Amino acid sequence: VGVFELQAMMAAVSVPVLLTLSFLFEAGQAHELAGLTTRGYLALGYTIVIASLFGHGVSYFLLQRNPVSTVTPFFLLTPVFGVLLSVAILDEVLTSRMIAGAFVTFVGIAVVTLRERRRALAMGR
C-alpha cells in the first residue's frame, strides 16, 4: 500500500470517529475556529502538512525499506523532541522529570538498537 493511500484510509476512518467524539465531549468548536489567529492557522498547517503528510510519509517510506524492529525504536523519540521543542519554542519549563523521561527513552532505544545490531552480526548480515 502506498503512503498516500494509507494516509487516505486512515483519514477516512479516523475523521468521522474523531469528529463525533469531539462533538460529544467538547463544546465551542465553531467559536474556536471562527477566532483562529494567524498562529492558529500556521499550527493547523504544520499539523496537516509537516506532521501528517511529511512525517507519516517518511515513516512509511522507512518501514517499507527497513525491518520494523530497526525503525520503530526511533519513533519513541517523538515525545522527547516534542518536549524539547515546547521548551525551545513555547518557553515551557524543563523539569527533572522530563529529563529523566528523555534519559530512560534514550537508554531504551540504545538497548533495542544494539541488541538488533548484535543479533544481525551473529546471523552474518
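Rules behind the numbers
- Residues numbered from 1 in each chain as written.
- Predicted model: local features only at pLDDT ≥ 70, side-chain atom pairs only at ≥ 80, totals over all residues.
- Heavy atoms only, no water.
- Helix = DSSP H or I, 4+ residues; strand = E, 2+ residues; numbered from the N terminus.
- Rg over C-alpha atoms; globule rule 2.2 N^0.38 Å.
- Buried < 20%, exposed > 50% of the residue type's maximum accessible area, 1.4 Å probe, protein only.
- Contact = heavy atoms within 4.5 Å.
- Expected span 1.5 Å × (residues − 1).
- Bend = angle between axes of the 7 residues up to and from the residue.
- Polar contact = N/O pair within 3.5 Å; in protein donor to acceptor, adjacent residues only side chain to side chain.
- Axes fitted to C-alpha atoms, helices over the stretch in contact; angles between N-to-C directions.
- Parallel < 35°, antiparallel > 145°, perpendicular 65-115°, else oblique.
- Left-handed = near helix turned anticlockwise from the far one by under 90°.
- Nonpolar A, V, L, I, M, F, W, Y, C, P; charged D, E, K, R; others polar.

Describing the overall build of the protein chain
So, point 1. For the protein chain, the count of helices and strands is 6 helices and 0 strands.
So, point 2. Ordering the α and β elements of the protein chain from the N terminus gives α-α-α-α-α-α.
So, point 3. Whereas a compact globule of 125 residues would reach a radius of gyration of roughly 14 Å, the protein chain reaches 19 Å, over 25% beyond that.
So, point 4. If you line up the protein chain on its principal axes, its C-alpha atoms span 60 × 40 × 25 Å.
So, point 5. Counting every position in the protein chain, which comprises 125 residues, the buried fraction comes to 13%.
So, point 6. Sequence separation of at least 24 residues holds for 64% of the intrachain contacts in the protein chain that already meet a minimum separation of 6.

Looking at helix α1 (residues 3-25)
So, point 1. With 23 residues, α1 should cover 33 Å at 1.5 Å per step; its first-to-last C-alpha distance of 32 Å lies within 8% of that length.
So, point 2. Taken as a whole, α1 carries its principal kink of about 30° at serine 14; the proline proline 16 stands between one and four residues after it.
So, point 3. Within α1, the full set of buried residues consists of Val3, Gln7 and Ser22.
So, point 4. Where α1 is buried, its residues touch α2 (29-34) and α3 (38-65).

Things to note about the side chain of glutamine 29
So, point 1. With respect to the element layout, glutamine 29 can be found in helix α2.
So, point 2. Separated by 2.9 Å, the side chain of glutamine 29 and the backbone oxygen of serine 22 make a polar contact.
So, point 3. In this structure, glutamine 29 is in contact with Ser22 and Phe23, ignoring residues within four places of it in sequence.

Some thoughts on the packing of α1 against α3
A pair of packed helices can be characterised by two numbers: the angle between their axes and the separation between those axes.
So, point 1. Two numbers describe how α1 lies on α3: the axes approach to 9 Å, and their chain directions differ by 120°. Viewed along their axes, α1 and α3 adopt a mutual orientation that is oblique. As α1 runs across α3, the sense of the crossing is right-handed. Residue-level contacts link Val3, Phe4, Leu6, Gln7 and Met10 of α1 to Ser52, Leu53, His56, Gly57, Tyr60 and Phe61 of α3.
So, point 2. Taken together, the residues that form the contact of α1 with α3 break down as 7 nonpolar, 4 polar and no charged.

Focus: the environment of serine 86
So, point 1. By the element assignment, serine 86 lies in helix α5 (residues 77-90).
So, point 2. For the pair serine 86 and glycine 108, spaced 22 residues apart in sequence, the C-alpha to C-alpha distance is 23 Å.
So, point 3. In this view, serine 86 contacts Asp91 and Glu92; residues no more than four positions away in its chain are not counted.

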